[in-house]
Every structure is written in C-alpha cells, then in structure tokens.
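Summary of the model geometry
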Amino acid sequence: MTYQALIDQIKVESRIKVDDNFLLLIIGLLNELCKEAVLSERPFELKAELTIPLITNTRLADIPTDFFVHHEILFKDSDTQRIYQLQDEDGAAQPAPRGLYGHPKTFEILGSQIFIKPYAGIVTGDNLYLVYYKTPPTITTANLLTENPLKRLEPFLTRAAIRRIRMFHSDDMQVAQMFTGDISSAAKAFAKDEPEQLEDAKKQ
C-alpha cells in the first residue's frame, strides 16, 4: 500500500480518523519504526553487498552513503586468496587465520568510514567485502503517494504506531506498560549487531 493508505489505516484504528493534527506525528513514528525494524528484523529488501578495494597501508575505507548497519565484513588477502571475517573492535578479537599473522583482525565504523586494524599487512589488491543494510526510505508529506517498499513490515508498523499514538490521547496504563516493551525491543536490536559468518569463511 502507499504511505498515505498506511497512515489512513493507522488513523482509523487509532480512532483519530478526522484529526489531521496527528499527521506529522504519525510520519515521524513511521520513520522511527522503520529504522527500529531494520535493526531488529534485518529485512532482505534492504540487504546489499559491496566490494571495497584496498591499497597498501590502508587505514580507512569509505562506506556507501546508504549504509545503515553492517551485517558482516570480510577481508580477502590478495596473496593467498583466503577470505576471513573481521571482528568488531568492541568485541573479543580472534587471531588472524594461520599463515596470515599481522593481517587485519578487527574493524570499527567511524562515521562514513571503516577503520581496519592492524593495517600494516594490507597491500594493494586486498579487498573488503561489506554486507550491510541500507537506510530505510524516509517518509515525508511530499511522498505520501509512494508505494511502501517494505510491505512485510506493514503489520508491525501499523500495530506499533497505533500503540504509541494511543499514548498521546489516552491515559490507559496498559498502553504505557506495552510501550516499555517497545523500548526493550529497540534496545535489544543492538545485541544482534554481531555479524554472522558465511559458510565460505568458516572453511578457511
């Protein structure tokens, strides 16, 4: 359905069908909920892969402008053609594979770039394989007639938006308790941030 149809459905089920004062609130909620859904559910519609060529002693590599959250980052050594997974610097870093001492082991996302450590073993011809999720589309008053590309998330968006809108025009304590669950769910998304290892990388 279009964003306008989604908003209309939310207004009807929230019992604010004739109140246009909630339009900007609903748009803001939907944009927030789309990001929360990508963090927690990782929809395949927004999944993308990119090969980033490296040069000798590269420290920082640019990431695409549509980057939202990483799934995994792999390093390919040009000399041996071996591929292995880099670990997030915030977690426990495993040693580089046998025979690749001194090669990169960890990464850190710094704004629009990836910081690779250690970088002394990187030579021209090495590559990073970035598997990531794109930033979800932003809903505005100008694109309400656009089709929602994340149709599988529509039930989640509708239910979550209705629950939160009820907080603005109802003193129902049960709604407040459900909102606590929303907060926990949003925070839990970061616990899923550790990338999954591909089968090819496991065999290395």
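Residues numbered from 1 in each chain as written. Predicted model: local features only at pLDDT ≥ 70, side-chain atom pairs only at ≥ 80, totals over all residues. Heavy atoms only, no water.

This part is about the overall build of the protein chain. Looking only at helices and strands, one finds five helices and eight strands in the protein chain. Listing the helices and strands of the protein chain from first to last along the sequence gives α-α-β-β-β-β-β-β-β-β-α-α-α. With 204 residues in all, the protein chain has 41% of them scored as buried. At a minimum sequence separation of 6, the contacts of the protein chain that also span at least 24 residues come to 71%. (Helix = DSSP H or I, 4+ residues; strand = E, 2+ residues; numbered from the N terminus. Buried < 20%, exposed > 50% of the residue type's maximum accessible area, 1.4 Å probe, protein only. Contact = heavy atoms within 4.5 Å.)

Our focus in this paragraph is the sheet that holds strand β5 (residues 87–88). Across a sheet, strands are paired by hydrogen bonds formed along the backbone, either parallel or antiparallel in direction. One open sheet accounts for four strands, arranged β2-β7-β6-β5; its pairing is mixed. Edge positions in the sheet fall to β2 (60–62) and β5, since each has one partner strand and no second. The pairing of β2 with strand β7 (residues 113–117) spans three bridges and is classified as antiparallel. Opposite Asp-62, over in β7, you have Gln-113 as the bridge partner. (Pairing = 2+ DSSP bridges.)

Bridge count for strand β6 (residues 106–110) against β7 is five bridges, and the pairing is antiparallel. Across the sheet, the residue bridging to Phe-107 is Ile-116, located in β7. Here β6 folds back onto β7 in antiparallel fashion, the turn holding two residues, of which Gly-111 has a positive phi close to 65°.

Of all residues in the protein chain, 77% attain a pLDDT of 70 or more, and the chain-wide mean is 81. In the model, residues 200–204 has pLDDT below 50 throughout and makes five contacts with residues more than four positions away in sequence or in other chains. (pLDDT = per-residue confidence, 0-100.)

What the rule picks out here adds up to five salt bridges. The salt bridge involving Arg-152 is made with Glu-45; its shortest N-O contact spans 2.8 Å. Linking Arg-152 in the loop between β8 (127–134) and α3 (154–169) with Glu-45 in the loop between α2 (23–41) and β1 (47–53), this pair joins segments that are 107 residues apart in sequence. Judged by its relative accessible area of 30%, Glu-45 falls in the partly exposed class. It is possible to trace a salt-bridge network through shared partners that takes in Glu-32, Glu-36 and Arg-164. (Salt bridge = Lys/Arg side-chain N within 4 Å of Asp/Glu carboxyl O.)

Note that the residue after Lys-117, namely Pro-118, is joined by a cis bond; omega there is -20°. Structurally, Pro-118 can be placed in the loop between β7 and β8.

Among the residues of helix α1 (residues 3–13), Tyr-3, Leu-6, Ile-7, Ile-10 and Lys-11 are the ones counted as buried. Down the axis of α1, the buried side of the element spans an arc of 135°, and every buried residue falls inside it. (Arc of directions from axis to C-beta.)

Another aspect to go through is the sheet that holds strand β3 (residues 67–76). Strand order across the open sheet formed by four strands is β1-β8-β3-β4, with antiparallel pairing between neighbours. With partners counted over all chains shown, the strands left at the sheet margins are β1 and β4 (83–85), one partner each. For this sheet, the mean inter-axis angle between neighbouring strands, taken without regard to orientation, is 30°. With eight bridges connecting them, β3 and β8 associate as antiparallel partners. (Axes fitted to C-alpha atoms, helices over the stretch in contact; angles between N-to-C directions.)

Further remarks concern α2. The terminal C-alpha atoms of α2, which comprises 19 residues, lie 26 Å apart, in line with the 27 Å expected from a rise of 1.5 Å per residue. For α2, every residue scored as buried is listed here: Ile-26, Ile-27, Leu-29, Leu-30, Asn-31, Leu-33, Cys-34, Glu-36, Ala-37, Val-38, Leu-39 and Ser-40. Of the residues flanking the end of α2, it is Arg-42, one or two places downstream, whose phi is positive at about 50°. (Expected span 1.5 Å × (residues − 1).)

α2 packs onto α1 with a crossing angle of 110° between their chain directions and a minimal axis gap of 11 Å. Overall, the two elements α1 and α2 adopt an arrangement that is roughly perpendicular. Of the two possible hands of crossing, α1 and α2 adopt the one that is right-handed. Across the interface between the two elements, Leu-6, Ile-7, Ile-10 and Lys-11 of α1 pack against Leu-23, Ile-26, Ile-27 and Leu-30 of α2. Across the contact of α1 with α2, the residue classes tally to seven nonpolar, no polar and one charged. (Parallel < 35°, antiparallel > 145°, perpendicular 65-115°, else oblique. Left-handed = near helix turned anticlockwise from the far one by under 90°. Nonpolar A, V, L, I, M, F, W, Y, C, P; charged D, E, K, R; others polar.)

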